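Inside the fold
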Amino acid sequence: MNQAYSEFASVYDELMTDIPYDAYIDIIDVAAGGIDGKRVLDIGCGTGLLSMKLAKQGAQVTGIDLSADMLVMAEERAQSLSLPVQFIEQPMQQLEGFADYDIAVIAIDSLNYLSNREDVLSTFRQIHSALAVGGKLIFDVHSTFKTDVIFMEGPFTFDNGRITYIWITEEGEELHSVYSELAFFVKSESGLYRRFDEVHTQRTFPVSDYADMLMDTGFSIERIFADWEDEAPHEESERIFFQVRK
């Protein structure tokens, strides 16, 4: 794993403090008819922030992520909290070895890191196989409005006194994709800043495309809503949520 990605993992939690994870727990709780005792796949789990909250609610959680650095931090967090969460390094589109799970979650636009339709379809197929009959998949993605309009309003900047970044965005090669270059400056104990750089590409699809892919892989759609509210998406929605059933 390269040094830059390790650096990114080290500041990830601090940059995610504005994500309403408790609201995500509520969404999962309602969809699943309660979390306690349920077997949950947290796909794209990162440093395990959502996994920990699910485990605290009594879920039996398995966290999946592609980043070994993120998983090291997740495992350390679980151990420090004495929570029995299992973490496995796998790409979501090649998910294997799982069966009879009650819930699968792909939170905070992790699915948007898949750049082609076949990888998204493969992810849905693998999750469908991993779920028990009646099991639920819950995920969120960027809207096309966000990739095509909001992200193109960059560059964006951030400074909390310890971490500063400059985030430059441009259209990606694929339709509804965004290419991002980020320069991070992290303050050390000596007061000096060290710099590391990240490149990210994300892609999304129209709501109807996701619906077609989900139904093609055997899911029934229970609800589609937007921006953390129980309301249908509209043309300027930014985050789209899907709740589907095997």
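Per chain, residue numbering runs from 1 following the sequence as it is written. Only residues with pLDDT of at least 70 get local features here, since the model is predicted, and only at 80 or more are side-chain atom pairs given and counted; chain-wide, interface and lining totals rely on the full set of residues. Only hydrogens and water are set aside when side-chain values are computed; all heavy atoms of the structure are taken into account.

**Things to note about the overall build of the protein chain**
Along the protein chain, the regular secondary structure elements total seven helices and 11 strands. Its C-alpha atoms give the protein chain a radius of gyration of 18 Å, near enough to 18 Å, the size a compact globule of 246 residues would have. Overall size of the protein chain, expressed as C-alpha extent along the three principal axes, is 55 × 45 × 30 Å. Residues count as neighbours in contact if any of their non-hydrogen atoms are within 4.5 Å of one another. Residue pairs at least 24 apart in sequence account for 62% of intrachain contacts in the protein chain once pairs closer than 6 positions are excluded. A total of about 11700 Å² of accessible surface is found on the protein chain, and carbon and sulfur atoms cover 47% of it. Starting at the N terminus, helices and strands are each numbered in turn, a helix being any DSSP run of H or I of at least four residues and a strand any DSSP run of E of at least two. Atoms considered for the radius of gyration are the C-alpha atoms alone. The globule rule reads 2.2 Å times the number of residues to the power 0.38. What sets the accessible areas is the Shrake-Rupley method with a 1.4 Å probe; for residues, cover comes only from the shown protein chains.

**Observations regarding the sheet that holds strand 2 (residues 60-65)**
Only when DSSP finds a minimum of two bridges between them are two strands counted as paired. Reading across the sheet, the seven strands line up as 3-2-1-4-5-11-10 and stay open at both edges, with mixed pairing between neighbours. Strand pairing shows two members of the sheet lacking a second neighbour, strand 3 (86-89) and strand 10 (220-226), which therefore form its edges. This sheet shows a mean twist of 15 degrees between the axes of neighbouring strands, independent of strand direction. Bridge analysis of strand 10 against strand 11 (residues 239-245) gives six bridges, and the strand direction is antiparallel. Paired with Ser220 across the two strands is Arg245, which belongs to strand 11. Axis lines are fitted to C-alpha atoms, over the contacting stretch for helices. Their N-to-C directions set the angle, which ranges from 0 to 180 degrees. Of the strands in this sheet, strand 1 (39-43), strand 4 (101-106) and strand 5 (131-142) are in contact with helix 5 (residues 117-130), which crosses strand 5 at around 145 degrees.

**Section: the pairing of strand 11**
The element strand 11 is extensively covered by neighbouring structure, given that six of its seven residues are classed as buried. Across seven bridges, the pairing between strand 5 and strand 11 is antiparallel. The residue bridging His142 from the neighbouring strand is Arg239, located in strand 11. Burial classes follow relative accessibility: with a 1.4 Å probe on protein chains only, a residue under 20% of its type's maximum area counts as buried, one over 50% as exposed, and anything between as partly exposed.

**Considering the side chain of Ser51**
Position of Ser51 relative to the elements: it lies in helix 3 (residues 49-56). Those residues in contact with Ser51 that lie beyond four places of it in its chain are Asp42, Cys45, Val61, Gly63, Val85 and Phe87.

**Regarding the sheet that holds strand 9 (residues 193-203)**
The strand order across the open sheet built from four strands is 6-7-8-9, with neighbouring strands paired in antiparallel fashion. Bordering the open sheet on either side are strand 6 (156-159) and strand 9, each of which pairs with just one other strand. Within the sheet, the average angular offset between the axes of one strand and its neighbour, ignoring direction, is 15 degrees. Where strand 8 (residues 177-187) meets strand 9, 11 bridges bridge the pair, whose relative direction is antiparallel.

**As for the pattern of salt bridges**
Whenever Lys or Arg places a side-chain nitrogen within 4 Å of a carboxyl oxygen from Asp or Glu, that contact is recorded as a salt bridge. Across all of its chains, the model carries 10 salt bridges by this definition. Of the charged contacts, one joins Asp22 and Lys53 as a salt bridge, the two residues approaching to 3.0 Å between their closest N and O atoms. Note that Asp22 is positioned in helix 2 (residues 21-32) and Lys53 in helix 3, a separation of 31 residues in sequence. Assessed through its relative accessible area of 29%, Lys53 is described here as partly exposed. Between Arg239 and Asp140 there is a salt bridge, with the nearest N and O atoms lying 2.6 Å from each other. Taken together, the residues span a long stretch of sequence, with Arg239 in strand 11 and Asp140 in strand 5 at a distance of 99 residues. One exposure class covers both Arg239 and Asp140, and it is buried.

**Details of the confidence of the model for the protein chain**
In predicted models, pLDDT denotes the confidence assigned by the predictor to each residue on a 0 to 100 scale. Of the residues in the protein chain, 96% reach a pLDDT of 70 or more, and the chain-wide mean stands at 94. Here residues 1-5 is modelled with pLDDT under 50, and outside its nearest four sequence neighbours on either side it reaches 12 contacts, counting other chains as well.

**Some remarks on the packing of helix 5 against helix 7 (residues 207-216)**
A pair of packed helices is captured by two measures, namely the crossing angle of their axes and the spacing between those axes. Here helix 5 crosses helix 7 at 45 degrees, and the two axes come no closer than 9 Å. Between helix 5 and helix 7, the crossing angle belongs to the class labelled oblique. Considering only the axes of helix 5 and helix 7, their crossing is right-handed. Together, Arg117, Val120, Leu121 and Phe124 of helix 5 and Asp209, Tyr210, Met213 and Leu214 of helix 7 make up the contact between the two elements. Only Asp, Glu, Lys and Arg are considered charged in this grouping, and only Ala, Val, Leu, Ile, Met, Phe, Trp, Tyr, Cys and Pro are considered nonpolar; every other residue, Gly among them, is considered polar. Grouping the amino acids of the contact of helix 5 with helix 7 by side-chain chemistry returns six nonpolar, no polar and two charged. The scheme is simple: roughly parallel for angles under 35 degrees, roughly antiparallel for over 145, roughly perpendicular for 65 to 115, oblique for anything else. Handedness of a crossing follows from how the near helix is turned relative to the far one, being left-handed for an anticlockwise turn of less than a right angle and right-handed for a clockwise one.

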